[in-house]
Amino acid sequence: MAKDHGPQIKDDKLYEDLRRQGESKEKAARIANAKAAGTIDHKGKTLDDRSKDALYDEAQEIGIEGRSDMTKDELIKAIRSH
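Note that residues are indexed from 1 along each chain, following the sequence as it is written. Since the coordinates come from a predicted model, pLDDT governs what is reported: local features require at least 70, and pairs of side-chain atoms require 80 or more to be given and counted, while whole-chain, interface and lining totals use all residues. Heavy atoms throughout the structure, all of them, feed into the side-chain values; hydrogens and water do not.

1. Quick word on helix H3 (residues 52-62)
Partly exposed describes any residue whose relative accessible area lies between the buried limit of under 20% and the exposed limit of over 50%, with all areas from a 1.4 Å probe on protein chains only and scaled to the type maximum. Numbering of helices and strands runs from the N terminus, with a helix taken as a DSSP run of H or I at least four residues long and a strand as a DSSP run of E at least two residues long. All of the buried residues along H3 are Leu55, Glu58, Ala59 and Ile62. Projection of H3 onto a plane perpendicular to its axis shows the buried side chains occupying an angular sector of 100 degrees, all on one side. Structural note: H3 exposes Asp53 and Glu61 on the side pointing more than 90 degrees away from its buried face. Note on contacts: a residue pair qualifies if any of its non-hydrogen atoms lie within 4.5 Å across the two residues. Those residues of H3 hidden inside the fold are in contact with helix H2 (25-37) and helix H4 (72-81). One or two positions beyond H3, positive phi appears at Gly63, with a value near 85 degrees. Here, the arc refers to the directions that run from the helix axis to the C-beta atoms.

Put into structure tokens, the structure is as follows:
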């Protein structure tokens with residue numbers, strides 16, 4: 001059974017799994033909470049299938065610096081590595 005990480009983490013087991021895989025606390029929490037809220041799916045589209053504007057919005061939401069100067073490919077790479 002997963003440890004209770006408090007009310008800020010909505011899916012404790014997923015959070016712990018992500019941390020064991022080496023994800024940062026922030027990224028693990030963001031993914032675990034998005035999964036619990038049902039917002040992690042982007043309508044079945046891969047990053048490559050999304051528009052540059054949609055990728056920019058995603059980059060803004062997760063706090064990627066320098067996103068306004070990035071090409072679509074650079075946005076995809078930044079989102080994947082964040």
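2. Notes on the nonpolar core
Residues grouped as a nonpolar core are buried Ala, Val, Leu, Ile, Met, Phe, Trp, Tyr and Cys residues, joined through side-chain atoms within 4.5 Å. Of all hydrophobic cores here, the largest spans ten residues; its members are Leu47, Leu55, Ala59, Ile62, Ile64, Met70, Leu75, Ile76, Ala78 and Ile79. Ranked by the residues each element gives to this core, the list is headed by H4, at four residues. Counting residues in hydrophobic clusters, the runner-up holds six residues, among them Ile9, Leu18, Ala28 and Ala32.

3. Topic: helix H1 (residues 12-20)
Turning to H1, its buried residues are Asp12, Tyr15, Glu16 and Leu18. Projected down its long axis, H1 shows its buried positions confined to an angular sector of 160 degrees, all on one face. For H1, the exposed residues set more than 90 degrees away from the buried face come down to Lys13 and Arg20. At the C-terminal side of H1, Gly22 shows a positive phi close to 100 degrees.

4. Some words on the environment of Thr71
Topologically, Thr71 is positioned in the loop between H3 and H4. Separated by 15 residues in the primary sequence, Thr71 and Tyr56 place their C-alpha atoms 9.5 Å from one another.

5. A word on the side chain of Asp12
Looking at where Asp12 falls in the secondary structure, it is placed in helix H1. In this structure, Asp12 is in contact with Ala2, Lys3, Asp4 and His5, ignoring residues within four places of it in sequence.

6. Structural notes on the packing of H3 against H4
The relative placement of two packed helices comes down to the angle between their axes together with the axis-to-axis distance. Axes here refer to lines fitted to C-alpha atoms; in helices the fit is confined to the stretch in contact. Angles between the N-to-C directions go from 0 to 180 degrees. Contact geometry of H3 with H4 gives a least axis separation of 10 Å together with a crossing angle of 35 degrees. In this structure, H3 crosses over H4, and the sense of that crossing is left-handed. Only Lys72, Leu75, Ile76 and Ile79 of H4 make contact with H3, whose side of the interface consists of Lys52, Leu55, Tyr56, Glu58, Ala59 and Ile62. Polarity classes work like this: nonpolar for Ala, Val, Leu, Ile, Met, Phe, Trp, Tyr, Cys and Pro, charged for Asp, Glu, Lys and Arg, and polar for all others, with Gly in that last group. Considered class by class, the residues forming the contact of H3 with H4 number seven nonpolar, no polar and three charged. Each helix crossing is assigned a hand: it is left-handed if the near helix lies turned anticlockwise from the far helix by less than a right angle, otherwise right-handed if that turn is clockwise.

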